[in-house]
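Chains, contacts and geometry: an overview
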2 protein chains.
Amino acid sequence: MRAEVITIGDELLIGQVVDTNSAWIAEKLNEYGIELFQITSVHDNREHIIAALDEAFSRVDIVLTTGGLGPTKDDITKHVLCEYFDTHLIESASVRAHIMELYKERPDVLNRLTATQWLVPENALILENRVGSAPLMVFHHGKQILASMPGVPYEMKIAMEEQILPYIENYELKITNYELGHILHRTLQVSGIPESSLAIILEDYENEMPPSLHLAYLPKDGMIRLRLSTYGGIPEDEMNRWFERLKELVAAYLIADSDEPLEVIAGNLLRQKGATIATAESCTGGKMASLLNKHAGSSAFYYGSVISYDNSVKEHLLGVPEEMIQAHGVVSEEVVRTMAESVKKLIGTDYAIATSGIAGPTGGTPEKPVGTVWIAWATPKGTYAECFHLGKLREQVTDRACTKALVRLIQLLRE
Amino acid sequence: MRAEVITIGDELLIGQVVDTNSAWIAEKLNEYGIELFQITSVHDNREHIIAALDEAFSRVDIVLTTGGLGPTKDDITKHVLCEYFDTHLIESASVRAHIMELYKERPDVLNRLTATQWLVPENALILENRVGSAPLMVFHHGKQILASMPGVPYEMKIAMEEQILPYIENYELKITNYELGHILHRTLQVSGIPESSLAIILEDYENEMPPSLHLAYLPKDGMIRLRLSTYGGIPEDEMNRWFERLKELVAAYLIADSDEPLEVIAGNLLRQKGATIATAESCTGGKMASLLNKHAGSSAFYYGSVISYDNSVKEHLLGVPEEMIQAHGVVSEEVVRTMAESVKKLIGTDYAIATSGIAGPTGGTPEKPVGTVWIAWATPKGTYAECFHLGKLREQVTDRACTKALVRLIQLLRE
């Protein structure tokens with residue numbers, strides 16, 4: 001069973017919006033055992049949308065479109081789908097009632113343009129968009145299906161999880177003998193080895209792999225994710241044996257045997273220990289804090305942070321002596337150690353992470369070029385510090401600093 | 001002049017990686033006056049890549065590919081391009097010398113797999129990848145061009161800016177009479193009006209627009225960006241007149257007459273005033289801080305933050321009395337006002353923003369459901385506070401809270 005995603009919107013093709021929908025849909029489809037064959041982004045243009053639909057239907061069973069369902073003139077997806085599936089718009093009493101309910105406290109939204117949202121294609125199945133005014137539309141094209149969803153990410157996610165995916169699963173099970181769930185992906189994460197050296201270690205392993213098994217290397221922020229995939233042909237227990245062998249081969253560099261984000265792994269370890277954490281951030285400027293409290297339930301282990309972007313904050317709130325900054329510089333082992341120990345005491349946690357570095361683009365010196373970052377970890381057993389050189393680009397430097405900080409934190413929590 | 005982007009990599013189609021490259025490339029192409037017609041993401045699969053190349057060359061003049069250029073077995077782009085353009089790999093002395101220099105301090109990387117990186121297609125033009133080992137390849141296909149770049153975002157960006165775009169510009173000017181730069185986009189940002197109501201205000205305007213002018217509505221986090229576009233046919237001064245008229249029509253809701261991120265607009269206003277800012281964050285957990293120091297030069301106005309995720313931090317560092325929290329709740333006007341005023345004093349800035357809310361998924365009550373957020377702005381003229389209801393999804397709530405905080409900050413800075 002294969003699907004394609006067509007994302008519709010000029011904003012994608014002029015770079016005004018990053019398409020985060022497709023990756024989210026891809027992950028969900030894979031969980032359901034549906035292979036995503038291609039993602040295509042097209043303009044809000046009748047001919048272009050029709051050409052993309054024709055091409056997608058020539059390749060796959062399920063076509064999912066996002067975008068172009070707003071009430072304004074630039075949104076044309078509903079009209080093009082009417083034309084494509086040879087139907088016309090009719091008023092839907094249930095969609096009308098839903099929109100009335102949705103905006104009952106916002107009469108300003110209930111104008112004549114919003115009223116066009118309850119016009120729906122006559123031959124489409126309409127599913128409820130619980131959180132928005134654009135109806136979810138499902139068209140049948142022989143045995144093929146097209147589902148059209150809004151482009152607003154949170155509306156699309158609720159639509160997929162509550163309506164589209166259950167509908168597809170149910171439909172597939174009814175009309176075909178197709179068994180969902182034969183796609184398997186297993187990912188592990190390693191750190192501290194170049195991609196090419198890792199590939200040399202794994203050369204024999206890769207040569208012995210059956211053709212239906214595939215190994216991918218995904219480097220990011222100084223880590224490498226290794227993903228083993230099969231689209232059928234390998235039963236789960238055999239997949240597990242290959243994965244265990246992979247783990248043994250890379251054991252010296254292994255950080256995690258799942259694709260979970262590092263902050264989730266660190267958070268789970270902290271929770272298991274009943275331990276708490278704080279951060280004192282200079283160059284990362286709140287990114288570490290945001291990561292640690294990004295996921296629900298983080299208040300169990302994450303207490304707070306001091307973002308000491310200006311030196312005065314390091315001195316007055318974190319008690320870094322002015323003389324220390326003058327003697328060693330603000331990007332130094334002495335300063336990050338003091339920051340980590342101070343914030344741990346100030347906020348009263350078991351662990352603390354501190355960062356100080358030169359994110360650039362300016363501020364580098366021959367001794368401490370752009371990309372130099374000192375990180376300290378204060379733990380119940382003592383404080384550790386390490387210096388890294390993390391590249392030349394501001395965002396890359398701070399992202400990599402967060403990755404380095406989390407990798408070492410995970411190792412310290414496991415000790 | 002039209003282009004397409006083909007992003008190559010299984011990771012995109014299983015949702016392991018969000019494609020941020022395409023949006024970035026799209027923006028750059030538009031600046032150069034090249035229309036991006038379509039973005040296509042395909043698997044690391046020979047047949048699939050070839051089919052995508054055929055389709056793209058049937059539509060456009062320039063094809064840009066990203067990804068699949070690593071030294072490991074799963075990366076096949078270079079080999080497929082050799083086959084497609086009927087050539088073979090030869091050793092490049094200059095790429096070899098570049099890679100030797102790049103890794104001179106990391107002999108562990110200089111292994112036999114890395115050595116495959118200096119094998120390049122004989123009939124391709126090789127441009128230097130200053131920051132990585134994968135060579136940049138340009139193929140000519142009649143008058144059409146294909147450029148192949150790595151998928152790692154920072155390598156791709158440097159390749160595009162330093163090599164690929166100047167090459168395309170130079171090539172185009174040489175062989176055609178095509179004048180780059182006739183694509184025009186102008187964007188403004190409004191707040192405080194529903195999309196459909198805005199469209200009703202703009203109905204006459206849209207009906208009067210010439211067909212070569214296009215207006216798009218891009219809602220996000222409670223704001224709407226209005227983009228006026230032309231792909232030729234409208235001279236710049238006429239475009240400016242349409243844009244000025246648009247500004248007048250939406251003046252009551254106008255936040256910015258550019259597409260600059262809100263934090264950049266706020267930062268520039270702070271810099272102009274010689275003013276400084278701090279944040280005290282509970283539910284936004286460092287996101288406001290990260291936004292304010294995201295861009296180079298932010299140390300001129302952003303001093304620091306206290307992230308008071310746990311109530312103890314609100315009490316001890318920000319001096320929020322325990323009784324106040326007990327009497328009014330931690331998500332209350334009293335608490336955010338105290339947080340904002342305390343952090344302003346503690347860090348010694350002119351402005352401060354404080355947030356406290358229920359980001360969810362748990363923690364809501366009938367009086368204060370998930371999505372309730374109090375925000376306070378402490379300014380030299382006094383402290384203001386406002387309550388918002390920002391939806392049900394954790395990330396949406398915190399993103400919208402940052403947007404609300406920045407919109408009001410910009411208004412206060414302009415007063």
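Up top is the structure.
Just so it is clear, the structure is predicted and the values come from calculations on it, not from any experiment. (Residues numbered from 1 in each chain as written. Chains lettered and ligands numbered in written order. Predicted model: local features only at pLDDT ≥ 70, side-chain atom pairs only at ≥ 80, totals over all residues. Heavy atoms only, no water.)

**Re the overall build of chain A**
When helices and strands are counted, chain A shows 16 helices and 17 strands. The C-alpha extent of chain A, read off along each of the three principal axes, is 75 × 60 × 40 Å. Looking at chain A residue by residue over its 415 residues, the buried ones come to 58%. In chain A, of all internal contacts separated by at least 6 residues, the share reaching a separation of at least 24 is 66%. Here chain A has roughly 16,400 Å² of accessible surface; of this, 50% comes from carbon and sulfur atoms. Charge separation in chain A, taken as the distance between the mean sites of 37 positive and 57 negative side-chain charges, equals 4 Å. (Helix = DSSP H or I, 4+ residues; strand = E, 2+ residues; numbered from the N terminus. Buried < 20%, exposed > 50% of the residue type's maximum accessible area, 1.4 Å probe, protein only. Contact = heavy atoms within 4.5 Å. Areas by Shrake-Rupley, 256 points an atom, 1.4 Å probe, with all protein chains shown as cover. Lys, Arg positive; Asp, Glu negative; His and termini not counted. Charge placed at Lys NZ, Arg CZ, Asp CG, Glu CD.)

**Structural notes on the nonpolar core**
By size, the foremost hydrophobic cluster in this structure holds 72 residues, and its most contacted members are A:Ile277, A:Leu409, B:Ile277 and B:Leu409. Setting aside chain neighbours within four positions, we find A:Ile277 in contact with A:Leu270, A:Leu292, A:Phe301, A:Tyr302, A:Tyr303, A:Gly304, A:Thr349, A:Tyr351, A:Ala352, A:Ile353 and A:Leu409. (Core = buried A, V, L, I, M, F, W, Y, C linked by side-chain atoms within 4.5 Å.)

**Focus: helix α3 (residues 46-57) of chain A**
With twelve residues, α3(A) extends 17 Å between its outermost C-alpha atoms, agreeing within 8% with the 16 Å of an ideal straight helix rising 1.5 Å per residue. One side-chain oxygen of the residue at the start of α3(A) lies 3.1 Å from the amide nitrogen of A:Glu47, identifying that residue as A:Asn45. (Expected span 1.5 Å × (residues − 1). Polar contact = N/O pair within 3.5 Å; in protein donor to acceptor, adjacent residues only side chain to side chain.)

**Description of unusual backbone geometry**
All names here are of chain A. A cis amide bond links Gly-360 to the next residue, Pro-361, at an omega of 5 degrees. Tracing the backbone shows Pro-361 in the loop between β15 (351-357) and β16 (372-379). At Asp-221, a position not held by glycine, the phi torsion is positive, near 50 degrees.

**Here we look at the packing of α3(A) against helix α4 (residues 77-84) of chain A**
All names here are of chain A. Where α3 contacts α4, the axes come no closer than 10 Å and their chain directions differ by 55 degrees. Relative to α4, α3 is oriented oblique. Taken as a pair, α3 and α4 cross one another with a handedness that is right-handed. Residues Arg-46, Ile-49, Ile-50, Leu-53, Asp-54 and Phe-57 of α3 form the contact with α4, whose participating residues are Val-80, Leu-81, Glu-83 and Tyr-84. (Axes fitted to C-alpha atoms, helices over the stretch in contact; angles between N-to-C directions. Parallel < 35°, antiparallel > 145°, perpendicular 65-115°, else oblique. Left-handed = near helix turned anticlockwise from the far one by under 90°.)

**Some remarks on the pattern of salt bridges**
Residue and element names in this part refer to chain B. Going through the model one piece at a time under the given rule, you end up with 36 salt bridges over all chains. With its nearest N and O atoms 2.8 Å apart, the salt bridge here joins Glu-47 to Arg-46. Taking relative accessible area as the criterion, Glu-47 reaches 47% and is therefore assigned partly exposed. Given the relative accessible area of 34%, Arg-46 is considered partly exposed. Here Arg-337 and Glu-333 are joined by a salt bridge, their closest N and O atoms 3.0 Å apart. Taken together, the residues Arg-337 and Glu-333, both in helix α15 (residues 333-347) and four residues apart, mark about one turn of the helix. Arg-337 gets classed as partly exposed once you look at its relative accessible area, which sits at 27%. On the basis of relative accessibility, which here comes to 29%, the residue Glu-333 falls in the partly exposed class. (Salt bridge = Lys/Arg side-chain N within 4 Å of Asp/Glu carboxyl O.)

**So, the sheet that holds strand β1 (residues 2-8) of chain B**
A sheet is described by the order of its strands in space; here twelve strands give the open sequence β6(A)-β7(A)-β8(A)-β3(A)-β1(A)-β2(A)-β2(B)-β1(B)-β3(B)-β8(B)-β7(B)-β6(B), paired in mixed fashion. At either end of the open sheet lies a strand with only one pairing partner, and these are β6 (125-127) of chain A together with β6 (125-127) of chain B. Direction aside, neighbouring strands of the sheet carry axes that sit 20 degrees apart on average. Sheet topology places strand β1 (residues 2-8) of chain A next to strand β3 (residues 62-66) of chain A; five bridges connect them, and they run parallel. When the sheet's bridge partners are listed, A:Glu4 is paired in β3(A) with A:Val63. Along the sheet face, α4(A) touches β1, β3, β7 (136-141) and β8 (144-149) of chain A and points at about 20 degrees away from the line of β7(A). Its contacts with the sheet put helix α4 (residues 77-84) of chain B on β1, β3 (62-66), β7 (136-141) and β8 (144-149) of chain B, and the angle it makes with β7(B) is roughly 20 degrees. (Pairing = 2+ DSSP bridges.)

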